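A look at the structure
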Amino acid sequence: MTAAQTDALLERCGPLPPVRTAVVHPVKPSAVVAAEEARRLGLILPVLIGPAGRVQAAADEAGVDIATWERIDVEHSHAAASQAAALAASGHVDVLMKGSLHSDELLEAVVRPEAGLRTERRISHAYFMTIATYPTSFIITDAAVNILPDLQAKADIVQNAVDLWRALYDAPPKVAILAAVEVVNPKMPATLDAAALCKMADRGQITGCVVDGPLAFDNAVSREAAAEKGIVSPVAGAADILVVPDIEAGNMLAKQLTFLSGAEAAGIVLGARVPIVLTSRADNERSRLLSCALAVLLAAARKAGKIK
């Protein structure tokens, strides 16, 4: 089931034209290989931004011919990130893809006010995941960018994830706001935020989804666990989006599902004017491809006016 679901994601990109993508500071063979595989499958048109000599050396080591690729020579990774942001703001590229630099370095260039890539929302990260033990694909957010988000940041995190879901599916997603328990406890801030997010959804401050919480993880993904606790909810046991209380909870949950439970994961940064493919050095080639596919579908949905 996992492979079929993620293969379908790649297949949906088939009719779409490749998206011009800034590959930022690709000075290691793995970064060039990832760009080449995505290019070969028709997902992206790479624009390599980095020190020309180091980029060429990485391509030579990887055995990839980049002679016909668009390349922009800059001195170092900081300049590469700034140049990539400028190209995205001007419309020359529609996607940013992390190469061989730290995530913070790339995101700092994106969020600078002068870069022109900020929106009214806070940027956030989402893992799109599939696993054989769950009937549908699902999203975990935020496990990579926002360390300890406050209520307004969580509202943006939810809305960003909902937009990602809407770029992929027609039905509104079921959003579970996770905590350690399924009742509001004044001593547990995550439960208070969950209750507030539900009311924000009721009042139209979060749109396009069904929100419930607080829900413990078992109640969010297991109908049996929810029934045992007497929870009556359209979200419990059938969550499409799992919103974690902080980066530590999200990071551990996503990596446990990936490394111990065999889940496939694709990562994307949302909330900027272009999608950002933000893969980890530990990600395999398939994860990188799936992340590119998400970016392609997001860019297409934005151009079609399906999402902001």
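For every chain, the first residue of the written sequence is number 1, and numbering continues from 1 along that sequence. Local features in a predicted model are, by the rule used here, given only for residues with pLDDT of at least 70; side-chain atom pairs are given and counted only at 80 or more, and totals for whole chains, interfaces and linings are based on all residues. Side-chain metrics rest on all non-hydrogen atoms present in the structure, leaving aside hydrogens and water.

Below, the discussion takes up the overall build of the chain. Counting from the N terminus, the helices are DSSP H or I runs at least four residues long and the strands are E runs at least two residues long. In terms of regular secondary structure, the chain is built from 11 helices and 11 strands. All radius of gyration figures rest on C-alpha atoms, and the globule criterion is 2.2 Å times the number of residues raised to 0.38. Taken over C-alpha atoms, the radius of gyration comes to 19 Å for the chain, in line with the 19 Å a tight globule of 308 residues would show. In terms of its C-alpha atoms, the chain occupies a principal-axis envelope of roughly 60 × 40 × 35 Å. Only protein chains enter the area calculation, which uses a 1.4 Å probe; residues under 20% of their type maximum are buried, those over 50% are exposed, and those in between are partly exposed. Considering the chain as a whole, with its 308 residues, one finds that 54% of them fall into the buried category. The method behind every accessible area is Shrake-Rupley, applied with a 1.4 Å probe, and residues are considered shielded solely by the protein chains displayed. Within the structure as shown, the chain displays about 13,500 Å² of accessible surface, and the carbon and sulfur contribution to it stands at 54%.

Right, let's get into unusual backbone geometry. Most of the time, phi is negative for any residue but glycine, and the peptide bond is trans. For the bond from Thr141 to Asp142, the omega torsion is -5 degrees, close enough to zero to count as cis. Of note, Asp142 is situated in the loop between β6 (138–141) and α6 (151–168).

Side chains that are three or four residues apart share a direction in an α-helix, a result of its 3.6 residues per turn. Helix span, as expected, comes to 1.5 Å for every residue beyond the first. Here α6 spans 26 Å end to end across 18 residues, near enough to the 26 Å set by a 1.5 Å rise per residue. Counted residue by residue, α6 has 15 buried out of 18 residues, so it is predominantly covered.

Attention now goes to the pairing of strand β2 (residues 44–50). Within β2, 6 of the 7 residues are buried, which leaves it mostly tucked inside the rest of the structure. Of the pairings in the sheet, the one linking β2 to strand β3 (residues 70–73) comprises 4 bridges and is parallel in character. Across the sheet, Leu48 pairs through a bridge with Arg71, a residue of β3. On the question of chirality, the crossover connecting β2 to the parallel β3 by way of helix α3 (residues 52–62) is right-handed. By the convention used here, strands pair only if DSSP detects at least 2 bridges between them. With the strands pointing away from the viewer, any crossover whose connection runs clockwise from the first strand over the helix to the second is right-handed.

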